[in-house]
Amino acid sequence: VAGFVGFAAQSTLWNAFAGVAIQIERPFRVGHWIGVGEWVGMVMEITWRATKIRTKAGNLVDVPNSVIAAQAINNYSEPAAPTRIQVEVGATYNAAPHDVREALPAAVRQAKYVLPAPAPDVIVTDFADSAIVYRTRFWIDDFSKDDLAQDAVRTRIYYEFKRRNIEIPWPIQIQYDRSQLIDRTIHT
């Protein structure tokens, strides 16, 4: 029993020290959007024991300060906005990369939430099975709207590709009936 009490006291003490360090160093403040460990959300409260983070899904997560002190903290609110985010899309191998590189920034510039400067850019990330994959990177000034901005960009890309006759391919699968394969091997 004494061991459990000692362990609990040690954990409480470590959380308190970490809470004081967070208050002194101020790597984030209430209202900031942060990522720590598996959680991304807005800081709602910082206490001596834990930091309360409201996730984008609306969940309130109590992250012990000792966990925060032991992890890298990504502060999306500092030093200042804007924040760069990205969207990936596959384009058909029949579309010249030059044409796709023209279409993507044109689409991004039309999307809601996207800042005009810094300008969006495009890189090729993969020669995949069904498509050449492009990553377009762009800037927003409100990290809380990153999902909405990505949605707006994807929608604009769809319409821009349609307008320019650039196909977004889907994977193609060929299904063989097992009995047909067996019949072929027997008759050959």
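Here the structure is a predicted model, which means the values were calculated and not measured.

Visitor: When you look at the environment of Tyr93 in this model, what are you seeing that I'm missing?
Guide: Here Tyr93 shows up in the loop between β6 (83-91) and α3 (97-110). Tyr93 sits in the partly exposed class, given a relative accessible area of 41%. With 75 residues separating them in the primary sequence, Tyr93 and Ile168 have C-alpha atoms 9.7 Å apart. Discounting chain neighbours no more than four positions away, the residues touching Tyr93 are Phe127, Ala128, Asp129, Ser130, Ala131 and Ile132. Among the polar contacts listed, one links the side chain of Tyr93 to the backbone oxygen of Ala128, at a separation of 2.7 Å.

Visitor: Explanation requested: the nonpolar core in the structure shown.
Guide: Generally speaking, soluble globular proteins have nonpolar side chains that are buried together. Formed by 23 residues in total, the largest nonpolar core has its most connected members in Val100, Leu104, Phe138, Val153, Ile157 and Phe161. Listed by contribution, the elements that provide at least two residues to this core are β6, α3, β8 (132-140) and α4 (146-163). Once residues within four sequence positions are removed from consideration, Ile157 is found in contact with Val87, Val89, Leu104, Ala107 and Thr136. The next biggest cluster of nonpolar side chains, apart from the first, holds nine residues, and it includes Val36, Val43, Val63 and Ile68.

Visitor: Looking at this model, I keep getting lost on the environment of Pro27. Mind explaining?
Guide: Secondary-structure assignment places Pro27 in the loop between α1 (2-25) and β1 (33-36). Sequence separation of Pro27 and Glu78 is 51 residues, and the distance between their C-alpha atoms is 9.0 Å.

Visitor: Explain the packing of α3 against α4 here, please?
Guide: When two helices pack together, their arrangement is given by the angle between their axes and by how far apart the axes lie. In the contact formed by α3 and α4, the axes pass within 8 Å of each other and the chain directions differ by 130°. Classified by the angle between their axes, α3 and α4 sit oblique to one another. Judged by the sense of rotation from one axis to the other, the crossing of α3 with α4 is right-handed. Every residue of α4 that contacts α3 at Val100, Ala103, Leu104, Ala106, Ala107, Val108 and Gln110 is listed here: Val153, Arg156, Ile157, Glu160 and Phe161. The class makeup of the residues in the contact of α3 with α4 is nine nonpolar, one polar and two charged.

Here is what the cut-offs are and how they apply
Residues numbered from 1 in each chain as written. Predicted model: local features only at pLDDT ≥ 70, side-chain atom pairs only at ≥ 80, totals over all residues. Heavy atoms only, no water. Helix = DSSP H or I, 4+ residues; strand = E, 2+ residues; numbered from the N terminus. Buried < 20%, exposed > 50% of the residue type's maximum accessible area, 1.4 Å probe, protein only. Contact = heavy atoms within 4.5 Å. Polar contact = N/O pair within 3.5 Å; in protein donor to acceptor, adjacent residues only side chain to side chain. Core = buried A, V, L, I, M, F, W, Y, C linked by side-chain atoms within 4.5 Å. Axes fitted to C-alpha atoms, helices over the stretch in contact; angles between N-to-C directions. Parallel < 35°, antiparallel > 145°, perpendicular 65-115°, else oblique. Left-handed = near helix turned anticlockwise from the far one by under 90°. Nonpolar A, V, L, I, M, F, W, Y, C, P; charged D, E, K, R; others polar.

Purely geometric numbers; function is a separate question.
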